[in-house]
Amino acid sequence: MSTLPRAPKIALVVTVAVLVVAVTTAWCLQVRAEREDVAQRYVIVVERAEDALCVLSLDELQALESRRVVMQGQRQEGPPLLSVLESCGVVEFESVEVFGMGVRDDGYIRLGREEIDEDVLLDFAIRGTTKLCGPDIPWERRVRDVERIVVR
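Bear in mind the structure is a predicted one, so any value in this text is a computation, not a measurement. (Residues numbered from 1 in each chain as written. Predicted model: local features only at pLDDT ≥ 70, side-chain atom pairs only at ≥ 80, totals over all residues. Heavy atoms only, no water.)

*Asks:* Any chance you could explain the pattern of salt bridges here in plain terms?
*Replies:* One side chain can pair with another of opposite charge once the charged atoms of both are near each other. Applying the stated criterion across every chain, the model contains 8 salt bridges. Among the salt bridges present, the one from Glu47 reaches Arg148, with a minimum N-O distance of 3.1 Å. Of this pair, Glu47 sits in strand β1 (residues 43-48) while Arg148 is found in strand β10 (residues 146-151), placing the two residues 101 residues apart along the sequence. For Glu47, a relative accessible area of 13% translates into the label buried. Residues Asp105 and Arg144 are paired through a salt bridge, measuring 3.4 Å at the closest nitrogen-oxygen approach. (Salt bridge = Lys/Arg side-chain N within 4 Å of Asp/Glu carboxyl O. Helix = DSSP H or I, 4+ residues; strand = E, 2+ residues; numbered from the N terminus. Buried < 20%, exposed > 50% of the residue type's maximum accessible area, 1.4 Å probe, protein only.)

*Asks:* Looking at this model, I keep getting lost on a nonpolar patch on the surface. Mind explaining?
*Replies:* A contiguous nonpolar patch, built from Ile10, Val14 and Val18 and spanning about 260 Å² of accessible area, is present on the exposed surface. Note that Val14 resides in helix α1 (residues 6-41). (Patch = residues over 30% accessible without salt bridge, like charges linked within 9 Å, V, L, I, M, F, W, Y side chains within 5 Å. Areas by Shrake-Rupley, 256 points an atom, 1.4 Å probe, with all protein chains shown as cover.)

*Asks:* What am I meant to see in the state of the cysteines here?
*Replies:* Throughout this description, disulfide means a covalent bond between two cysteine sulfur atoms. According to the stated counting rule, one finds 1 disulfide in the structure shown. Here Cys54 is linked by a disulfide to Cys88, with a sulfur-sulfur distance of 1.8 Å. Note that Cys54 is positioned in strand β2 (residues 51-57) and Cys88 in the loop between α3 (81-87) and β5 (95-100), a separation of 34 residues in sequence. The pair Cys54 / Cys88 is uniform in exposure class, with both members buried. (Disulfide = S-S within 2.5 Å.)

*Asks:* Just checking my understanding: could you explain the nonpolar core for this structure?
*Replies:* Taken as a class, soluble globular proteins show a tendency for nonpolar side chains to be buried jointly. The biggest cluster of nonpolar side chains holds 28 residues, and the ones touching the most others in it are Leu85, Val96, Leu132, Val146 and Ile149. The set of elements that each furnish at least two residues to this core consists of β1, β2, α2 (58-63), α3, β5, β6 (108-112) and β10. With 4 residues, the single largest contributor to this core is α3. (Core = buried A, V, L, I, M, F, W, Y, C linked by side-chain atoms within 4.5 Å.)

*Asks:* Quick question: what am I supposed to make of the sheet that holds β1 here?
*Replies:* As a general point, the strands of a sheet are linked pairwise by backbone hydrogen bonds and lie either parallel or antiparallel. The strand order across the open sheet formed by 5 strands is β2-β1-β10-β5-β6, and the pairing between neighbours is mixed. Edge strands, defined here as strands with exactly one partner in the open sheet, are β2 and β6. When the angles between neighbouring strand axes are averaged without regard to direction, this sheet yields 15°. As defined by bridge partners, β1 adjoins β10 across 4 bridges and the pair is classed as parallel. Bridged to Val45 within β10 is Arg148. (Pairing = 2+ DSSP bridges. Axes fitted to C-alpha atoms, helices over the stretch in contact; angles between N-to-C directions.)

*Asks:* What am I meant to see in the pairing of strand β4 (residues 74-78) here?
*Replies:* Side-chain direction in a regular strand flips from residue to residue, so the side chains alternate between the two faces of the sheet. Sheet topology note: the strand β3 (residues 67-71)/β4 ladder contains 5 bridges and is antiparallel. Pairing of Arg68 across the sheet is with Glu77, part of β4. The antiparallel hairpin formed by β3 and β4 contains 2 residues in its connecting segment, where Gln72 sits at a positive phi of about 50°.

*Asks:* Could you clarify how one ought to interpret the sheet that holds strand β7 (residues 121-124) in this entry?
*Replies:* Across the sheet, which stays open at both edges, the 3 strands sit in the order β7-β8-β9 with antiparallel pairing between neighbours. The two strands at the open ends of the sheet, each matched to only one other strand, are β7 and β9 (143-144). Where β7 lies against strand β8 (residues 130-133), 4 bridges are found, and the strand directions are antiparallel. By the bridge assignment, Asp123 is partnered in β8 with Lys131.

Here's what the structure looks like:
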């Protein structure tokens, strides 16, 4: 049994609880600030033959038509890749290569035109970036934090 009287025990528990709340609040504020900073700087470059066709900010991507699709048991929402390409003037193409930051995945996928339909999306991630996903793209091949789309 503890030798501390009841009042000091209560004070200790309250102090620990206040510290936990303070640390958690500070961490949440830091994560939010970092997410807002990433979202303000985040862009996707769409290019063909090393020429940038357009550069899309997160706000511009959010202004495009958005779809909701359930993939691998999770709801994904964002503009279809075809709409993103069309907004950059791309109507005809044979394939695309999508490059991401490569931190939590390979950061690369190549898709032929026949593999891309309205359900292949740039899903909006909570941290203010996008990920390329689709019902026929396996979980491990998705590209998170998309930075560049090369049209072939």
